[in-house]
Structures are given as C-alpha cells and as structure tokens.
Amino acid sequence: MADLAQTLKQEIRRLARSEIRTETKKLRDDSARYRRDIASLKRQVAQLTRDLAFLRQQEQKRVAQPPAADSADRVRFSPKWLRSHRSKLGLSQQDYGKLVGVSGLTIYNWENGKTSPRQQQLAAWGQVRSLGKREASKRLELLQ
C-alpha cells in the first residue's frame, strides 16, 4: 500500500510540474516579448529626444540670427505701438527685451520716448512686432 501511495504522489508531482511548465512558458514568452517591446520603445524615445534637441538647436540659431539691416528701412517706430504690442503679448519689459535682443531698461526708455532704437535694433523689433502671443512665448522659451 505504501508503494501505491508513493507512486501516486510521484505521478501527481510529475503532472503538476508539467502543468506549471506549460503555464510558465506562456508567461516567459510574454515577458520576453514585453521586454523586446520596451527596448524598442526606449530606442524610439531616445531617437525622438535627439531629433527634438537638434530641432531646438536649429530653431535657436534661427531665432538668434540677427536680422538684415536693410529690413529696418521699412519699419516705423512708435513708442505707443511698442507699449500696446508688449501688453497685448502679456510680456514684461524684460521678456520683451529678450525677444528684441536688448535690455528691459532699453524697452522702458523706448516706451517713454526717451530714446529710439538704432538701425539693427529697429530691424529686430520689426521682426518681433509681427509675432503673436504663442509664437512670442515659444521664442522666449527657446531663448532661455
């Protein structure tokens, strides 16, 4: 009788191991597939991050590029218009100055009519005055 009980236990163990093996094989295969998918996604994220950094760098170069001096001939300056455009964009004098490439104090002086921009500054301001709120905030973000 002891032999029968021992044989029965061994058979139950063998069947249980076989069942467990088949169930865990599915899990192993799934986890291997998930690891491959995750690795692939990590590579894609890394590539997209590199692409974004490259595009940011190109945009910063484009934004920081000084405007042509001949474009200043077509720009008329008005302190009143400067103040209204700055307030429309919702920017401080300091931030607006960063966009133009001058200090916040210079913007203050321009707005109050104490000074007026030079040719190159006038050309830069001519480019900024055509910006909308979103574009101005994007440029500020790139410049910082």
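See the structure shown above.
Here's what I pulled together on the structure shown here. Computed from a prediction, not measured in an experiment: that's the story for all the values here.

**Digging into the pattern of salt bridges**
According to the stated counting rule, one finds 6 salt bridges in the structure shown. A salt bridge links Arg14 to Glu11; the nearest nitrogen and oxygen atoms lie 2.4 Å apart. Of this pair, Arg14 and Glu11 both sit in helix α1 (residues 2–64), 3 residues apart, which is roughly one turn of that helix. The partly exposed category is assigned to Arg14, whose relative accessible area is 45%. Taking the shortest distance from any N to any O, the salt bridge between Arg86 and Glu111 comes out at 2.5 Å.

**Considering the packing of helix α3 (residues 93–100) against helix α4 (residues 104–111)**
At a closest axis distance of 7 Å, the pairing of α3 and α4 adopts a crossing angle of 100°. As judged from the angle between their axes, α3 and α4 are roughly perpendicular. Contacts between α3 and α4 involve Gln93, Gln94, Tyr96, Gly97 and Val100 from the former and Gly104, Ile107, Tyr108, Trp110 and Glu111 from the latter. Taken together, the residues that form the contact of α3 with α4 break down as 5 nonpolar, 4 polar and 1 charged.

**Section: the packing of α3 against helix α6 (residues 133–143)**
Between α3 and α6, whose axes approach to 10 Å, the crossing angle comes to 80°. Taken together, the axes of α3 and α6 are roughly perpendicular relative to one another. Together, Asp95, Lys98 and Leu99 of α3 and Ala136, Arg139, Leu140 and Leu143 of α6 make up the contact between the two elements. Among the residues making up the contact of α3 with α6, the classes are represented as 4 nonpolar, no polar and 3 charged.

**Things to note about the nonpolar core**
By size, the foremost hydrophobic cluster in this structure holds 17 residues, and its most contacted members are Leu91, Tyr96, Val100, Ile107 and Trp125. For this core, the elements supplying multiple residues, two or more each, are α2 (79–89), α3, α4, α5 (119–128) and α6. In terms of residue count, α5 provides more of this core than any other element does, 4 residues in total. With residues up to four places along the chain from it excluded, the contact list for Trp125 reads Val75, Arg76, Phe77, Ser78, Trp81, Leu82, Tyr96 and Val100.

**Focus on α2**
Note on helix geometry: an α-helix contains 3.6 residues per turn, so any two residues three or four positions apart are oriented the same way. Every buried residue belonging to α2 is among Leu82, His85, Arg86 and Leu89, and all of these are buried. The buried residues of α2 occupy one face: seen down the axis, they fall within an arc of 100°. In α2, the exposed positions angled more than 90 degrees off the buried face are occupied by Lys80, Ser87 and Lys88. On its buried side, α2 packs onto α3, α4, α5 and α6. Taken from the residues just after α2, Gly90 is the one with a positive phi, measuring 75°.

What counts, and where the lines are drawn
- Residues numbered from 1 in each chain as written.
- Predicted model: local features only at pLDDT ≥ 70, side-chain atom pairs only at ≥ 80, totals over all residues.
- Heavy atoms only, no water.
- Salt bridge = Lys/Arg side-chain N within 4 Å of Asp/Glu carboxyl O.
- Helix = DSSP H or I, 4+ residues; strand = E, 2+ residues; numbered from the N terminus.
- Buried < 20%, exposed > 50% of the residue type's maximum accessible area, 1.4 Å probe, protein only.
- Axes fitted to C-alpha atoms, helices over the stretch in contact; angles between N-to-C directions.
- Parallel < 35°, antiparallel > 145°, perpendicular 65-115°, else oblique.
- Contact = heavy atoms within 4.5 Å.
- Nonpolar A, V, L, I, M, F, W, Y, C, P; charged D, E, K, R; others polar.
- Core = buried A, V, L, I, M, F, W, Y, C linked by side-chain atoms within 4.5 Å.
- Arc of directions from axis to C-beta.

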